[in-house]
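Examining the three-dimensional arrangement
Given next are the chains, with one letter for each unit.
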Amino acid sequence: MDSIKRQLTPVPFTQVHFKDDFWQPRLEVNRTATIPHIYRKLEETGRISAFDLKFEREVPSPIVFIFGDSDPAKWIEAASYSLATHPDPELQGLVDRVADKIIHAQQPDGYLNTHYIVAQPDMKWKNLRDWHEMYCAGHLMEGAVAHFQATGDSKLLEALSRYADHIDDTFGPQPGKKRGYCGHPEVELALVRLYHATGNQRYLNLAKYFVDERGAQPHYYDQEARARGDDPAKFWARTYEYCQAQVPVRQQEKVVGHAVRAMYLLSAVADLAHEFDDPTLLETCNRLWDNLITKRMYFTGGIGPSRHNEGFTMDYDLPDETAYAETCATIGLVMWNHRLLQFSGESRFADVLERGLYNGFLSGVSLEGTHFLYENPLSSAGDRHREEWFYCPCCPPNVARIIASVGNYFYSTGTSDVWVHLFAESEASLRIGDQAVKITQSTQYPWNGAVTFQVEVDQPLTFILHIRLPEWCENYQLSLNGTALNLKPESNGYLAIPHTWKSGDAVSYAMDMPIRGVWANPAVRQLEGRLAIQRGPLVYCLEGADHHAIILDRIAVDPEQVGRDFIVDFQPGLLGGVAVIHGQGALIDDRGWDNKLYRSSAPARTEIAITAVPYCVWDNRQPGEMRVWLRTA
Ligand SMILES: [Zn+2]
């Protein structure tokens, strides 16, 4: 049987240097504003001093305290990524101080969770379903791997390896061990990372055990509930779908339950499909991907419509104003699709990755970097605004770690291949075998679809340059050193240019980036008769700030006009420099109703100029309404 292992290897973010006006300023804001802001908030809320093990806490505690260790862990990860590309002695000192506190809190047996060490020592590992111990462990492992890779200092990595050893001693299929697994997946993908950082196969096997055992009968969560004296039928979330444990993952037909948990689990499933060359796990990913992407994903790459379970409901249930679409869930979507992309370089995964990254992810943080959205609705009556922090602050440090490492998503290499997944003015230093290849992208993406790739090599080198043809792009021109290439995309959706590359070789790629009106499948009842505006990778929205004293839901657009008459206008001084879209709409007039609730004649309409801005920068001006899906009649 053929191997299904990944043919692509991602080029790490440390090798991709942005020189653009889109990502580079966001990386700078992340470094100078977001990461320090999160540190202050972690200090203020006692999440860092918790590792001194001197706090007092009521028992039982609100769940938010139980996973408090994960927030400094994600901050260490974000700060380490930032240090890896931008040395900063002050930040380095802070990271080391937090790392030392974490190490100091570790128990002699390797256990490391501040809440259970201090507040409920007799309840360690007694409620895996609800209590997030391994979720925290996973984030600490990811932080430790990032810290080691950024600084070369292995002290935190060694501590978290001891914790992983302790977990492996405690859980597994062997006699005498608990057959448990965490209610919030995260440790599985973290153990794969820990395996790669340490070379210790034990961690990879443990990750596999956790994925294989999840949802098996007799059900561990039933057993541990009974052992605590609880009735498993009284589980507050009512279904193990919430914790991705209703059935073993290979038997899942739909993406269900808590959206972040689903994405973190499936990221590990994708990793293990590769590590163990397991086609059943890759098939599982593909089956669930089809369900998610064709029936359950918002146009912005947001996922999980419901606040009730922070997750999924049913197919085609995509309400815009009440969309939960947690920032962390889109982060998980990006992580999962990035992992799937590496198997055979199928552009459909990069399309989802790009949709999430440029829309439903970036909307999670303000332009000045210190205000965040937890939920990312596609419509707002003006009552939603970014906040400095949340009672449950999972999203801010998650945003910070993704922005600091966003270069991870741009390139991959293979034995004699380079893949370009995303576009930005940047320089990338890659390796094919023992040969160095530098690729410089010159572009104004995402404001313009023209990209020039300049290749530099030490000596002529033969490889295939695979350039992604995005799903939104219907027409393009491609040329090599000025000679037009008449290429059609390969079956994976990439344009493949085989060539013996010399320094100075240049590929010009012009992706048409028209303004598009996009409809939702008629099965999405909440979006019937509505149209969204997209240009390139960006979803657009109307904001109250551009439509004074007008209720945005009263604006209707003519689908014919959107693609034909609407115009793009780059405004360098607006919202960090964005291309806005101008056009004409019809304002449904509420005059002449004489206080009636119903009448037999249609309301009048008046023509109105409208301006759409990228969804990712909404709510960066005065508070007001916002709307992605517009009436068409
Ligand atoms: Zn979150």
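Preceding block: the structure.
Everything in this summary refers to the structure shown in the same document. Just so you know, these numbers come straight off a predicted model, no measurement behind them.

Conventions we followed
Residues numbered from 1 in each chain as written. Predicted model: local features only at pLDDT ≥ 70, side-chain atom pairs only at ≥ 80, totals over all residues. Heavy atoms only, no water. Pairing = 2+ DSSP bridges. Helix = DSSP H or I, 4+ residues; strand = E, 2+ residues; numbered from the N terminus. Axes fitted to C-alpha atoms, helices over the stretch in contact; angles between N-to-C directions. Buried < 20%, exposed > 50% of the residue type's maximum accessible area, 1.4 Å probe, protein only. Donors = N, O, S within 2.8 Å, 3.2 Å for Na, K, Ca; no water. Tetrahedral: all angles 85-135°; square planar, octahedral: opposite > 155°, others 65-115°. Left-handed = near helix turned anticlockwise from the far one by under 90°. Contact = heavy atoms within 4.5 Å. Phe/Tyr/Trp six-rings, centres within 6.5 Å; stacked < 30°, edge-to-face > 60°. Lys NZ or Arg CZ within 6 Å of the ring centre and 35° of its normal.

1. Details of the sheet that holds strand β10 (residues 476–480)
Reading across from one edge, β2-β6-β7-β8-β13-β10-β11 is the order of the seven strands in this open sheet, with antiparallel pairing throughout. Of all the strands in the sheet, the pair left with one neighbour each is β2 (16–18) and β11 (483–485). Within this sheet the neighbouring strands show an average axis-to-axis angle of 20°, counted without direction. Sheet topology places strand β8 (residues 450–457) next to strand β13 (residues 506–511); five bridges connect them, and they run antiparallel. The residue of β13 that forms the bridge with Val-451 is Tyr-509.

2. Here we look at the environment of Ser-479
Structurally, Ser-479 can be placed in strand β10. Residue classification places Ser-479 among the buried residues on the basis of a relative accessible area of 15%.

3. Thoughts on the coordination of the zinc ion
Surrounding the zinc ion are the protein donor atoms Glu-326 (OE), Cys-328 (SG), Cys-394 (SG) and Cys-395 (SG), at 2.0 to 2.3 Å. Its four donor atoms give the zinc ion angles of 93 to 118° at the centre, a pattern that matches the tetrahedral case. Between consecutive donor residues of the zinc ion, the sequence gaps follow E-x1-C-x65-C-C. Highlighted residues: Cys-328 in helix α13 (residues 327–344) and Cys-395 in helix α15 (residues 395–404), separated in sequence by 67 residues. Each member of the pair, Cys-328 as well as Cys-395, carries the same accessibility label: buried.

4. Points about the packing of α13 against α15
Helix packing geometry: the angle between the two helix axes and the distance between the axes. Running from N to C, α13 and α15 cross one another at 30°; their axes reach a closest spacing of 9 Å. Of the two possible hands of crossing, α13 and α15 adopt the one that is left-handed. Residues Thr-327, Cys-328, Ile-331 and Met-335 of α13 lie in contact with α15, whose contacting residues are Cys-395, Asn-398, Val-399, Arg-401 and Ile-402.

5. Things to note about the packing of aromatic side chains
For the coordinates displayed, the defined rule picks out 33 aromatic pairs. The interplanar angle of 70° and the centroid separation of 5.8 Å between the aromatic rings of Tyr-111 and Tyr-163 together place this pair among those described as edge-to-face. Taken together, the residues Tyr-111 in the loop between α4 (89–105) and α5 (114–118) and Tyr-163 in helix α7 (residues 155–170) connect sequence positions 52 residues apart. Here a set of aromatic residues connected by ring pairs shows up, and it is made of Phe-22, Trp-23, Tyr-358, Phe-423, Tyr-445, Trp-447, Phe-453, Trp-472, Tyr-476, Tyr-509 and Phe-570. The residue whose ring lies beneath Arg-348 is Trp-289, and the NZ or CZ to ring-centre distance is 4.6 Å. Above the plane of the ring of Trp-593 lies Arg-599, whose end atom (NZ or CZ) is 4.2 Å from the centre.

6. A few points about the side chain of Asp-278
Its location among the elements puts Asp-278 in the loop between α11 (259–275) and α12 (279–295). A residue is classified by how much of its surface remains accessible, and Asp-278, at 13% relative accessible area, is buried.

7. Here we look at the pairing of strand β6 (residues 426–432)
The alternating pattern of β6 places Ser-426, Ala-428, Leu-430 and Ile-432 on a buried face, while none of Glu-427, Ser-429 and Arg-431, on the opposite face, is buried. Judged from the three bridges that link them, β2 and β6 form a sheet pairing that is antiparallel. Pairing of Phe-18 across the sheet is with Ser-426, part of β6. Pairing between β6 and strand β7 (residues 435–443): seven bridges, direction antiparallel. For Ala-428, the partnering residue across the bridge sits in β7 and is Ile-439.

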